[in-house]
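Below, each chain spelled out in residue letters.
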Amino acid sequence: MGILSYLKSVFPGDSKGDMDRARYHAWLMNATPIFSSFGQDIYLSDFVNNAIERVANEISKIDLKSIVQSEDILQIQNDDITRLFRFKPNPLQTTSDFFANIEWLRRKDRNVFIYPQYEIITLPNGRQFKRFLAFYPLKIAAVYIGESNGQVWEIKMDFEDGSSYTLPYNDLIHLRWRRGTNTTIGGGDDYGQANDYDVIRTIDALDKTIQGLPKGIEASLQIKGVYHAKTLADSQKLGKIRDDFEDHIISSRSGMIATDLGGEFTPVNIKAVDIPEPALKFLKSVIQERYGVSAAILSGDYSGEQHSAFYQTAIEDFIIQFEQAMTACCFTPREQDVGHRVKCYYNKVRYMATADKMNLANLAKETGIMSLNQINEMFGIEPFSGGDRRIQSLNYVNIQDIDSYQKNKAGVQLEEEGEGGDSNDG
């Protein structure tokens, strides 16, 4: 009698018995699909969301200022843009929320559109300028970009509530992620569509790996073997024998079972799955590299060098793209010509090691690039009265004064030598 025949004789001949036999037989024969499919939405994965969250959290720390830059001179403007981004760019979001939100939209939708709300102010001399009231990130279901009568580029936006609006494309701030050859829309392929095929396979493999761990442990603890009763008793009596055998197993404390039932016990060796660490690390690294986030950054245990690499791969491109897109949208060509810009400030000093901060503090003390209170803030020390002054070593001179300094020094030396020569001749 084989295992399948034994199972048929043990379980009753009803629908429940058929289901039990099928389940136990599948377990024994290793033929059941115990893994569920991950699906096509990569944002159901915690690994993907954790990577995006790490990047969005860092971008939320950006300070944005409106500036005027003329050659080497940079002046921060106390205008509407600087004022709005000081605390709340719109009535619903703080500055931190705003930046985190647009990065989530950029990473998930591959495109994010920001609407600057403004009013036109006309001065008595007829000059007009924009007065900005708020900046709103838009959650758009679909976009269509094209020319309107060959005159201006327009964008039609369909929203999730069914509404649709058409605006001049220049009136929106547009950021992209994962560009293909499409000249307008981000996405990942050449048609402006999301291309998640490779990452879906990786996430699915990682998901199955995680599913396999508890299932493997559970399976290794369930079935230890099959008891083959050497008797011609009917199925009802065999059921009684099975129950008695299970009672022996449950009541046994030493692992030894005593029974007077004639039969044969065939052990079934089901081991817990052993997943190699390099394989698990490789699957995670594929997701991490997609978003420019290392394992050290995700765990929060990173060095200054690791954070610098994180900045260059995940933060810097956002800053450059945002500065250019917002400057082009908010300022007229004439304003841009005279130096109007938006500038994102991301304080990398706070992530330096203590030794690197001390070196920077010594450099600041020698060159005067930071005030004493700024140095205090770098170490988390509260400011003090009179600490807004800058100190500088007297061993340095303005580069514009070097020539006159050297000429004056040379003139003094020549004069001293001339006086000395006269006295020798005498």
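Structural data are supplied above this passage.
All values reported here derive from a predicted model rather than from experimental measurement. Throughout, residues of each chain are indexed from 1 in the direction in which the sequence is written. Per-residue local features are limited, in this predicted model, to residues with pLDDT of at least 70; the limit for side-chain atom pairs, both in listing and counting, is 80 or more; totals at the level of whole chains, interfaces and linings are taken over all residues. Neither water nor hydrogens contribute to the side-chain values; these are computed over all heavy atoms in the structure.

Draft legend 1. A look at the nonpolar core. Here the nonpolar core consists of buried residues drawn from Ala, Val, Leu, Ile, Met, Phe, Trp, Tyr and Cys, with membership extended through side-chain atoms lying within 4.5 Å. Burial classification: accessible surface area is computed with a 1.4 Å probe over protein chains only, and a residue below 20% of its type maximum counts as buried, one above 50% as exposed, and the rest as partly exposed. Core analysis: the largest hydrophobic core is formed by 50 residues, its most contacted members being Ile81, Phe99, Phe135, Tyr291, Phe322 and Met326. Ranked by residues supplied to this core, first place goes to helix H10 (residues 304-330) with eleven residues. Two residues form a contact once any of their heavy atoms are found within 4.5 Å. In this structure Tyr291 touches Ile42, Tyr43, Val48, Ala51, Ile52, Val55, Arg107, Trp177 and Ala314, once residues within four positions along its chain are discounted. Ile140, Met157, Tyr169 and Leu172 belong to the second-largest nonpolar core, a separate cluster that totals eight residues. In this text, helices come from DSSP runs of H or I with a minimum length of four residues, and strands from runs of E with a minimum of two, each type numbered from the N-terminal end.

Draft legend 2. Representation of helix H12 (residues 354-367) within the structure. Between its first and last C-alpha, H12 extends 20 Å over 14 residues, near the 20 Å set by a 1.5 Å rise per residue. For H12, every residue scored as buried is listed here: Lys357, Leu360, Ala361 and Ala364. Along the axis of H12, the buried residues cluster in a sector spanning 105 degrees; they form a single face. Buried positions along H12 lie against helix H13 (372-378). Just downstream of H12 lies Gly368, where phi reads positive at about 75 degrees. Expected span, for any helix, means 1.5 Å times one less than how many residues it has. When we speak of the arc, we mean the arc of directions from the helix axis to the C-beta atoms.

Draft legend 3. Quick look at the packing of aromatic side chains. Any two rings among Phe, Tyr and Trp, with Trp reduced to its six-membered ring, count as a pair given centres within 6.5 Å; such a pair is stacked if its planes are under 30 degrees apart, edge-to-face if over 60, and tilted if neither. Here the structure, examined in full by the defined rule, presents twelve aromatic pairs. Ring centres 5.3 Å apart and planes at 50 degrees place the aromatic pair Phe85 and Phe135 in the tilted group. Here Phe85, found in the loop between helix H4 (80-84) and helix H5 (95-109), pairs with Phe135, found in strand S4 (residues 128-138); they are 50 residues apart in sequence, far enough to count as distant. With centroids separated by 5.5 Å and ring planes inclined at 25 degrees, the aromatic side chains of Phe132 and Phe135 adopt a geometry described as stacked. For the pair Phe132 and Phe135, one class covers both residues: buried. Pairwise contacts between aromatic rings join Phe85, Phe98, Phe99, Tyr118, Phe132, Phe135, Phe318 and Phe322 into one cluster. The side chain of Lys130 reaches across the aromatic face of Tyr118, ending 4.7 Å from its centre. Working rule: Lys NZ or Arg CZ, within 6 Å of ring centre, within 35 degrees of ring normal, means a charge sits over the ring. Positioned over the ring face of Trp177 is Arg178, at 5.4 Å from the centre of the ring.

Function cannot be read off these values alone, since they describe shape.
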